[in-house]
Amino acid sequence: MNDLANKVAIITGAASGIGRAAAISLADKGMKVALVDLNADDLEEVKATINNKGQVAISLEANVAEPTSIQRAIDETVEKWQQIDTVFINAGINGAVSSIEDLTPSEWDNTIETNLKSTFLTVKYSVPFMKTNGGSIIITSSINGNRIFKNFGMSAYSTSKAGQVAFGKMAALELAQYKIRVNMICPGAIDTNIEKNTFKDEKHLEEIAIPVEYPEGNQPLSHQSGSAQQVADLVYFLSSDLSSHITGTEVYIDGAESLL
Ligand code: NAD
């Protein structure tokens, strides 16, 4: 039996992409998984996929940027299973892609709140339930804002992703006393739906000669985007005792894309 069997994971952004793959992987390892997302329809599909294999999942529709909403999802998980062992903080958006001049204050706030404030909120409301037994918190950051700064028009996104790493390191330091580990995953381009959900002001970016291409496929190791499953494998490693001495660090998973 592996060390995750019958333990409890909360996964945000579980309806799609990396979160979906991680939820399925952790359930395959025997964890009970609480699936959190704004997208209720797709959440049900993921829950059914897991339940149909005889594994345990619940779906919790919530907005991770809203304190009462994410707190309720965490509380419901604990009411159901009385513990939390892994928290995978993964919900996120690219947000508006725009020059700094054109980016509106509300677009800036939306990206920062969805990606960064939500990270603080999810940690804040999970920690009270993890202090007794310890556990693993994993945050999906990015190569953007940490190793590379070449995606024009993504100033808010890059700031939010850099902020997640800084916050995660402070959390690792503070929570070590409770045996709660906190680590960050920094993916390069991963083949998910995130681009589909991105608003790009292409006309304006063209006018000011900002390239809007993203480095899809620009990965020296494989010459293609990574897969959500490859990130899910890392989430498993960081959840399990295999990583029991690892905290406060970021792991780049990008096929060397950020080294170009
Ligand atoms: P995705 O769009 O496939 O999945 C993101 C999920 O987050 C969606 O199901 C969406 O509904 C959910 N979500 C968005 N806002 C939410 C909110 N306020 N409350 C609850 N749920 C919300 O994208 P993905 O690629 O799987 O992204 C997962 C994470 O990976 C994000 O944090 C993203 O920034 C990060 N990331 C992705 C890539 C990539 O190339 N795909 C690269 C680096 C980092």
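Definitions and cut-offs
- Residues numbered from 1 in each chain as written.
- Predicted model: local features only at pLDDT ≥ 70, side-chain atom pairs only at ≥ 80, totals over all residues.
- Heavy atoms only, no water.
- UniProt positions renumbered as here; feature names shortened; annotations may be inferred.
- Salt bridge = Lys/Arg side-chain N within 4 Å of Asp/Glu carboxyl O.
- Helix = DSSP H or I, 4+ residues; strand = E, 2+ residues; numbered from the N terminus.
- Buried < 20%, exposed > 50% of the residue type's maximum accessible area, 1.4 Å probe, protein only.
- Core = buried A, V, L, I, M, F, W, Y, C linked by side-chain atoms within 4.5 Å.
- Contact = heavy atoms within 4.5 Å.

In the annotation of an unreviewed UniProt entry, the entry for the protein chain reads SDR family oxidoreductase, and the organism field reads Niallia alba. Turning to the protein chain, the UniProt record has this under Sequence similarities (unreviewed entry): "Belongs to the short-chain dehydrogenases/reductases (SDR) family."

**Student:** Would you mind showing me how to read the pattern of salt bridges here?
**Tutor:** Here the idea is simple: oppositely charged side chains can pair when their charged atoms come close. Applying the stated criterion to the full structure yields 5 salt bridges. Residue Arg20 is joined to Glu45 by a salt bridge in which the shortest nitrogen-to-oxygen separation is 2.9 Å. Separated by 25 residues along the polypeptide, Arg20 in helix H1 (residues 17-28) and Glu45 in helix H2 (residues 40-51) bring together distant segments of the chain. Residue class for Arg20 comes out partly exposed when judged on its relative accessible area of 27%. Here Glu45 falls in the partly exposed class, since its relative accessible area comes to 37%. Among the ionic pairs, Glu250 bridges to Lys169, the shortest N-O distance being 2.9 Å.

**Student:** Looking at this structure, how should I read the nonpolar core?
**Tutor:** If you look at soluble globular proteins, the nonpolar side chains tend to sit buried side by side. Of all hydrophobic cores here, the largest spans 32 residues; its most connected members are Val36, Ile70, Ile84, Ile137, Leu175 and Val182. Beyond its immediate stretch of four places on either side in the chain, Val182 contacts Ile137, Ile139, Gly168, Ala171, Ala172, Leu175, Thr247, Gly248 and Thr249. Residues Ala14, Ile24, Ile138 and Ala232 belong to the second largest nonpolar core, which totals 30 residues.

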